[in-house]
Amino acid sequence: DTQISSPYNTYLNRGLPKGPICNPRVDCMEAVLNPESTNYVYYVLDASLDGHHNFAATYDEHLTNKADYEKALQERDS
């Protein structure tokens, strides 16, 4: 991808492209305009390592989720 001849390839062209780099999907825009009402303040990737997230309302909860995720990474990489 770094060698594709395109005005959007910032590896080959200096500065930013003249137009938008990406467009958000409609469901993303709807989520921004109509967010869910929750008490969640923190998030981290889930220890299942499948791309899902864990959300937490307290910092202590978040630290537990974070430790679980880091442990899963260590186990995967060992």
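Refer to the preceding data block for the structure.
All values reported here derive from a predicted model rather than from experimental measurement.

Engineer: How should the overall build of the chain be read in this particular structure?
Structural biologist: For the chain, the count of helices and strands is 2 helices and 2 strands. In sequence order, the chain lays out its α and β elements as α-β-β-α. Since a compact globule built from 78 residues should have a radius of gyration of about 12 Å, the 19 Å found for the chain marks it as more spread out than a globular shape. Dimensions along the principal axes, computed over C-alpha positions, put the chain at roughly 45 × 40 × 20 Å. Of all 78 residues assigned to the chain, the portion counted as buried reaches 12%. Carbon and sulfur atoms provide 53% of the accessible area of the chain, an area that totals close to 7,000 Å². For the chain, the separation between the mean place of its 6 positive charges and that of its 12 negative charges on side chains is 14 Å.

Engineer: In this structure, what is going on with unusual backbone geometry? I would like to understand it.
Structural biologist: Negative phi is the rule for most residues except glycine; trans is the rule for most peptide bonds. Here the phi dihedral of leucine 49 falls at roughly 60°; this positive angle occurs in a residue that is not glycine. Within the fold, leucine 49 resides in the loop between β1 (42-45) and β2 (53-56). You can call leucine 49 partly exposed: its relative accessible area is 33%.

Engineer: I tried to follow a nonpolar patch on the surface on my own but got confused; where do I start?
Structural biologist: A cluster of nonpolar side chains, Tyr40, Tyr43 and Phe55, forms an exposed patch at the surface whose accessible area comes to about 380 Å². Counting through the fold element by element, tyrosine 43 comes out in strand β1.

Engineer: Help me understand the side chain of asparagine 9, please; the structure alone is not making it clear to me.
Structural biologist: Mapped onto the fold, asparagine 9 is located in the segment before α1 (26-33). A polar contact is formed between the side chain of asparagine 9 and the backbone oxygen of threonine 2, at a distance of 3.0 Å. With residues near it in sequence (within four places) discarded, asparagine 9 still touches Asp1, Thr2, Gln3 and Ile4.

Cut-off values and rules
- Residues numbered from 1 in each chain as written.
- Predicted model: local features only at pLDDT ≥ 70, side-chain atom pairs only at ≥ 80, totals over all residues.
- Heavy atoms only, no water.
- Helix = DSSP H or I, 4+ residues; strand = E, 2+ residues; numbered from the N terminus.
- Rg over C-alpha atoms; globule rule 2.2 N^0.38 Å.
- Buried < 20%, exposed > 50% of the residue type's maximum accessible area, 1.4 Å probe, protein only.
- Areas by Shrake-Rupley, 256 points an atom, 1.4 Å probe, with all protein chains shown as cover.
- Lys, Arg positive; Asp, Glu negative; His and termini not counted.
- Charge placed at Lys NZ, Arg CZ, Asp CG, Glu CD.
- Patch = residues over 30% accessible without salt bridge, like charges linked within 9 Å, V, L, I, M, F, W, Y side chains within 5 Å.
- Salt bridge = Lys/Arg side-chain N within 4 Å of Asp/Glu carboxyl O.
- Polar contact = N/O pair within 3.5 Å; in protein donor to acceptor, adjacent residues only side chain to side chain.
- Contact = heavy atoms within 4.5 Å.

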